[in-house]
Number of protein chains: 2
Amino acid sequence: MGCNSKDAELAADVLLKADLRGIDSHGVARLIGYVRLWDKKRINTKPEIKIIHETPSTATVDGDGGLGLVVAPFAMKIAIKKAEECGSGWVAVKNSNHFGIAGYHALMAVEKEMIGMAMTNASPLVTPTFSKERMLGTNPICYTFPAGEYPPIVIDMATSTAANGKLEVAERKNLAIPSGWVQDAKGNPSVNAAELKAGGSLLPLGGDRDHGSHKGFALSSAVDIFSAVLSGANYGPWVPPFVPYLDLVNDLPGEGIGHFVGAWRIDGFRPIADYKKNIDQWIHRFKHASKIDDSQGVVIPGEPEYKAELINRVKGIPLVKSVQNDLDELAQRFNLETL
Amino acid sequence: MGCNSKDAELAADVLLKADLRGIDSHGVARLIGYVRLWDKKRINTKPEIKIIHETPSTATVDGDGGLGLVVAPFAMKIAIKKAEECGSGWVAVKNSNHFGIAGYHALMAVEKEMIGMAMTNASPLVTPTFSKERMLGTNPICYTFPAGEYPPIVIDMATSTAANGKLEVAERKNLAIPSGWVQDAKGNPSVNAAELKAGGSLLPLGGDRDHGSHKGFALSSAVDIFSAVLSGANYGPWVPPFVPYLDLVNDLPGEGIGHFVGAWRIDGFRPIADYKKNIDQWIHRFKHASKIDDSQGVVIPGEPEYKAELINRVKGIPLVKSVQNDLDELAQRFNLETL
């Protein structure tokens with residue numbers, strides 16, 4: 001596509017990390033989507049990514065229309081450098097594209113004994129509580145906490161009840177989905193995953209007002225504001241969509257999509273050894289909280305993905321047939337070896 | 001109780017602000033609870049609150065067992081000062097107590113054209129997904145965003161499906177509560193608010209695994225770790241409880257309860273005028289998102305509390321009889337005028 005080899009390797013690393021961690025929806029399965037955006041001239045493969053505003057602990061980055069897979073790590077490196085210098089670092093990003101899994105970026109901080117944060121806005125598919133209009137993305141929030149003897153805690157969650165990927169699985173298998181995941185185009189509750197592509201929408205975490213969907217809406221709003229209003233990117237219904245069934249709208253208020261990343265140095269608050277002793281005790285205690293059902297204990301955030309990576313690094317990454325076909329199609333187009 | 005008059009006025013201001021904003025559960029209704037903790041020698045009314053660790057943009061504060069209502073504003077002032085100096089400021093707090101509404105503290109940043117953040121851990125009443133053990137508080141997260149022509153956006157939410165106060169209302173009125181709010185002591189779903197005081201527990205936002213309770217659990221965990229593991233306070237099931245029906249446990253790993261507060265300067269990212277233009281457009285657009293039901297539009301976070309304050313400042317704060325009685329009882333005990 002014209003990326004230099006350093007950028008291409010970084011983008012591949014972000015996608016592979018998702019597959020290694022078992023987050024198939026955000027791995028190489030998405031490669032064809034990035035190529036589709038490039039075909040539509042919506043990705044600049046030779047971006048001049050730069051800082052356009054800064055203070056000792058904050059900055060805004062213009063991604064120049066580059067791949068989010070490349071722009072977000074650039075921003076995270078700045079956040080980490082600022083944290084090294086003054087305890088914490090925060091970077092708002094405009095004019096970017098889909099950045100893959102938030103966890104990749106936030107985990108960069110953990111390697112430096114810092115707490116990491118990453119969020120991004122995304123294709124408008126989620127309604128505010130009481131609305132039938134698609135106004136927000138699945139807008140993920142990610143926090144990563146280093147631990148001592150345990151793997152890091154990785155919270156990496158869409159602020160909708162369910163992420164897109166889960167609906168696709170249900171739709172493929174023709175299964176009903178739980179209530180509270182989607183509503184139809186008129187705003188009626190639905191258990192049919194196909195409603196999303198028929199003008200319906202995803203629901204914010206909580207599902208409905210009685211179950212706290214105003215909180216999911218609020219969290220998703222915070223992600224949108226941090227990522228785009230603070231950076232100068234597009235927000236709400238103006239976010240340039242990644243999914244093929246939504247079109248780009250006119251009169252955009254900003255540039256591209258937005259991210260917000262940050263890092264706090266742990267020793268900006270207390271000695272690392274004290275923190276590690278306590279975080280390990282926290283993890284140990286929560287893992288041993290009394291179970292409702294003996295067969296299923298408490299799951300520490302990030303634990304399933306950590307275990308998947310241990311297995312996938314040995315056994316390789318399983319790919320479904322349709323993704324293999326997509327990759328082969330791309331390989332042929334770009335004169336590369338097929339799988 | 002022995003507070004100096006400056007601290008007493010500040011604490012009263014925090015409680016009154018909750019009542020003004022219509023958050024009755026966290027206003028003067030709680031005064032008797034703070035007195036109860038003081039009776040148990042769990043509140044130091046003459047604390048020496050101090051910074052025990054810092055970098056240019058971060059600090060840890062020891063609250064010396066003081067009222068959270070006084071300790072948290074002290075911490076927030078430091079966060080704001082650090083943000084003035086280097087773009088953002090972050091303060092972890094240990095050895096504190098219940099801090100009232102998170103919104104009070106985070107709104108201090110808005111007065112300085114900053115985005116505010118406040119969180120705290122709290123009495124263990126919430127279970128992790130798959131557990132029947134009370135391990136976490138309702139652990140609120142609060143973000144405040146200044147706006148231009150509109151009132152500020154205030155997200156101030158418990159990370160459980162429902163906050164304690166709502167259960168108390170249902171219990172008083174003998175009403176069934178929605179599914180997903182509580183479970184009984186064995187971990188069975190329940191619609192009976194009284195289960196909470198009978199060994200049951202509140203559920204994390206989402207309610208159950210199908211509806212995303214692992215996300216509510218993850219958010220609540222993040223609040224606990226930021227507030228206590230990062231500061232050296234107590235976490236998880238060791239958090240010293242505020243509610244009278246839970247006892248203090250032994251072998252505490254830290255000191256008091258913990259908070260985490262912060263502020264980002266908006267002009268650390270872009271000119272304030274640009275931000276204000278966009279945040280006003282954001283609010284306007286979301287307020288006008290198409291409705292499911294003509295009678296109910298989208299509610300911007302903080303809007304109901306803003307409206308309540310406008311009314312209450314004119315008409316006064318309505319108090320239910322039981323709160324009036326509590327206040328009169330306290331007035332008699334401390335030789336003050338009754339209501």
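**A closer look at the interface of chain A and chain B**
Between chain A and chain B, the residue contacts involve 91 residues of the former and 91 residues of the latter. Of all residues in chain A, Phe130, Lys215 and Phe269 of chain A bury the most surface against chain B, accounting for 10% of the area lost on that side. Between chain A and chain B we count 2 salt bridges in total. For Glu133 of chain A, the salt bridge goes to Arg285 of chain B, with nearest N and O atoms at 2.5 Å.

**Let's talk about empty space enclosed by the protein**
Regions of empty space are outlined by a rolling probe, equal in size to a water molecule, passed over the atoms. A full pass over the atoms with the stated rule returns 6 cavities of 30 Å³ or more. Looking at the largest cavity, its volume works out to about 80 Å³. In this structure, the largest cavity is lined by 13 residues; those nearest its centre are Trp90, Tyr143 and Trp264 of chain A together with Tyr143 and Trp264 of chain B. Secondary structure elements with two or more residues in the lining of the largest cavity: β4 (114-120) and β10 (257-265) of chain A together with β4 (114-120) and β10 (257-265) of chain B. Residues that form the lining of the largest cavity fall into these classes: 13 nonpolar, no polar and no charged. Considering only enclosed or pocket space, the second largest cavity measures out at about 60 Å³ in volume. Surrounding the second largest cavity, Leu37, Arg42, Asn97, His98, Asn121, Ala122, Ser123, Pro240, Pro241, Phe242 and Ile257 of chain B form its lining.

**Things to note about the relation of the copies chain A and chain B**
With an RMSD of 0.0 Å, the operation that places chain A on chain B is a rotation of 180 degrees combined with a shift of 0.0 Å along the axis. Taken together, the rotation and translation describe the operation of a two-fold axis. Scanning chain A for the C-alpha nearest the rotation axis identifies Gly206 of chain A, at a separation of 2.5 Å. Interface overlap between copies: 100% of the residues of chain A at the interface are likewise at the interface in chain B, consistent with a symmetric, same-surface contact.

**Considerations on the sheet that holds strand β7 (residues 182-183) of chain B**
Pairing is antiparallel across the open sheet formed by 3 strands, whose spatial order is β8-β7-β9 (chain B). Each edge of the open sheet carries a strand with a single partner, namely β8 (189-190) and β9 (201-202) of chain B.

**Considering helix α6 (residues 213-229) of chain B**
The terminal C-alpha atoms of α6 of chain B, which comprises 17 residues, lie 22 Å apart, in line with the 24 Å expected from a rise of 1.5 Å per residue. Among the 17 residues of α6 of chain B, 16 are classified as buried, and the element is accordingly described as predominantly covered.

**Concerning the packing of aromatic side chains**
Residue and element names in this part refer to chain B. With the rule as written, the count across this model stands at 31 aromatic pairs over all chains. Judged by centre distance (4.9 Å) and plane angle (5 degrees), the rings of Phe226 and Phe260 are stacked. Residue Phe226 is located in helix α6, and its partner Phe260 is located in strand β10; the two are separated by 34 residues in the primary sequence. In terms of burial, Phe226 and Phe260 fall into one category: buried.

**Some thoughts on the confidence of the model for chain A**
Mean pLDDT over chain A works out to 96, with 100% of the residues at or above the 70 mark. Interface scoring of the predicted complex returns ipTM 0.98; its pTM is 0.98.

**Examining a nonpolar patch on the surface**
Residues Leu248, Val249 and Leu252 of chain A make up a contiguous nonpolar surface patch of about 220 Å² in total accessible area. The exposure class of Leu248 of chain A is partly exposed, given its relative accessible area of 44%.

**Some details on unusual backbone geometry**
Even without a glycine there, the phi angle at Phe130 of chain A is positive, about 80 degrees. The topology assignment puts Phe130 of chain A in the loop between β4 and β5 (141-145).

**Some thoughts on the pairing of strand β1 (residues 50-54) of chain B**
Residue and element names in this part refer to chain B. The pairing of β1 with strand β2 (residues 58-62) spans 4 bridges and is antiparallel. Looking across to β2, one finds that His53 is bridged to Thr60. Once β1 ends, the chain turns through 3 residues before running back antiparallel as β2.

**Observations concerning helix α8 (residues 303-315) of chain B**
For the α-helix, the turn length of 3.6 residues means that residues three or four positions removed from each other point alike. Residue and element names in this part refer to chain B. Between its first and last C-alpha atoms α8 spans 18 Å; for 13 residues at 1.5 Å apiece the expected length is 18 Å, and the two agree. The complete set of buried residues in α8 reads Glu303, Ala308, Glu309 and Asn312. Contact partners of the buried residues in α8: α1 (5-20) and α7 (272-287). Positive backbone phi, approximately 90 degrees, marks Gly316, located one or two places after α8.

The rules behind the values
Residues numbered from 1 in each chain as written. Chains lettered and ligands numbered in written order. Predicted model: local features only at pLDDT ≥ 70, side-chain atom pairs only at ≥ 80, totals over all residues. Heavy atoms only, no water. Contact = heavy atoms within 4.5 Å. Buried area = accessible area lost by both parts, 1.4 Å probe. Salt bridge = Lys/Arg side-chain N within 4 Å of Asp/Glu carboxyl O. 1 Å grid on protein atoms, 1.4 Å probe; cavity = no way out; pocket = protein on both sides within 12 Å on 5 of 7 lines; lining within 4 Å. Points joined across faces, edges and corners; volume = space filled by probe spheres on them. Helix = DSSP H or I, 4+ residues; strand = E, 2+ residues; numbered from the N terminus. Nonpolar A, V, L, I, M, F, W, Y, C, P; charged D, E, K, R; others polar. Least-squares fit on C-alpha atoms with pLDDT ≥ 70 in both. Pairing = 2+ DSSP bridges. Expected span 1.5 Å × (residues − 1). Buried < 20%, exposed > 50% of the residue type's maximum accessible area, 1.4 Å probe, protein only. Phe/Tyr/Trp six-rings, centres within 6.5 Å; stacked < 30°, edge-to-face > 60°. pLDDT = per-residue confidence, 0-100. Patch = residues over 30% accessible without salt bridge, like charges linked within 9 Å, V, L, I, M, F, W, Y side chains within 5 Å. Areas by Shrake-Rupley, 256 points an atom, 1.4 Å probe, with all protein chains shown as cover.

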